Amino acid sequence: MSERIESIDAVMDLVAAIVEVLDVPLPSNALTDERAHHRLLEHRTADLRAVLGAVLAHPGPLDDTADIIRRRLADWPVTYTPFDFEEREGQG
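Attention here is on the structure that accompanies the text. (Residues numbered from 1 in each chain as written. Predicted model: local features only at pLDDT ≥ 70, side-chain atom pairs only at ≥ 80, totals over all residues. Heavy atoms only, no water.)

## Let's talk about the packing of aromatic side chains
Point 1. Enumeration according to the criterion identifies one aromatic pair in this entry.
Point 2. Ring centres 4.7 Å apart and planes at 70 degrees place the aromatic pair Phe 83 and Phe 85 in the edge-to-face group.
Point 3. What makes Phe 83 partly exposed here is its relative accessible area of 21%.
Point 4. Take Phe 85: its relative accessible area is 48%, and that puts it in the partly exposed class. (Phe/Tyr/Trp six-rings, centres within 6.5 Å; stacked < 30°, edge-to-face > 60°. Buried < 20%, exposed > 50% of the residue type's maximum accessible area, 1.4 Å probe, protein only.)

Here it is, written out as structure tokens:
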């Protein structure tokens, strides 16, 4: 295995891009929103696995990897109604 030294900034940017992919709001209680949330997570995690798998198979600059992850993230925006915590608290 070849020795590679990445800057801490590049590593932190990659980790931040991964968190952005996985950080989606909870859906409302509507069944259609719950299904959309589930599909969104499936698509985002599949894309993330593909990108990270390619990095493991063909290592390259991590800066490029974070950019690729963010571009793929843009393909899967949140399209469902997020859960409204404030509304829920007012029902108490």
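## Thoughts on the nonpolar core
Point 1. Of all hydrophobic cores here, the largest spans ten residues; its members are Ala 10, Leu 14, Ala 17, Val 21, Leu 48, Val 51, Leu 62, Ala 66, Ile 69 and Leu 73.
Point 2. Listing elements by their share of this core, those giving two or more residues are α1 (8–22), α2 (31–57) and α3 (62–74).
Point 3. Sequence-distant contacts of Ala 17, that is, excluding residues within four places in its chain, are made with Ala 66, Ile 69 and Arg 70. (Core = buried A, V, L, I, M, F, W, Y, C linked by side-chain atoms within 4.5 Å. Helix = DSSP H or I, 4+ residues; strand = E, 2+ residues; numbered from the N terminus. Contact = heavy atoms within 4.5 Å.)

## Considering the pattern of salt bridges
Point 1. Under the counting rule described, the total for this entry stands at three salt bridges.
Point 2. For Arg 70, the salt bridge identified is with Asp 13, shortest N-O distance 2.9 Å. In this pair, Arg 70 sits in helix α3 while Asp 13 sits in helix α1, placing the two residues 57 residues apart along the sequence.
Point 3. Residue class for Arg 70 comes out partly exposed when judged on its relative accessible area of 24%.
Point 4. Taking the relative accessible area as the measure of exposure, Asp 13 reaches 27% and is therefore partly exposed. (Salt bridge = Lys/Arg side-chain N within 4 Å of Asp/Glu carboxyl O.)

## Focus: α1
An α-helical turn contains 3.6 residues, so a residue and the one three or four places further along point in the same direction.
Point 1. With 15 residues, α1 extends 21 Å from end C-alpha to end C-alpha; this agrees with the ideal 21 Å at 1.5 Å per step.
Point 2. Against α2 and α3 lie the buried residues of α1. (Expected span 1.5 Å × (residues − 1).)

That is the geometry; function is a separate question.
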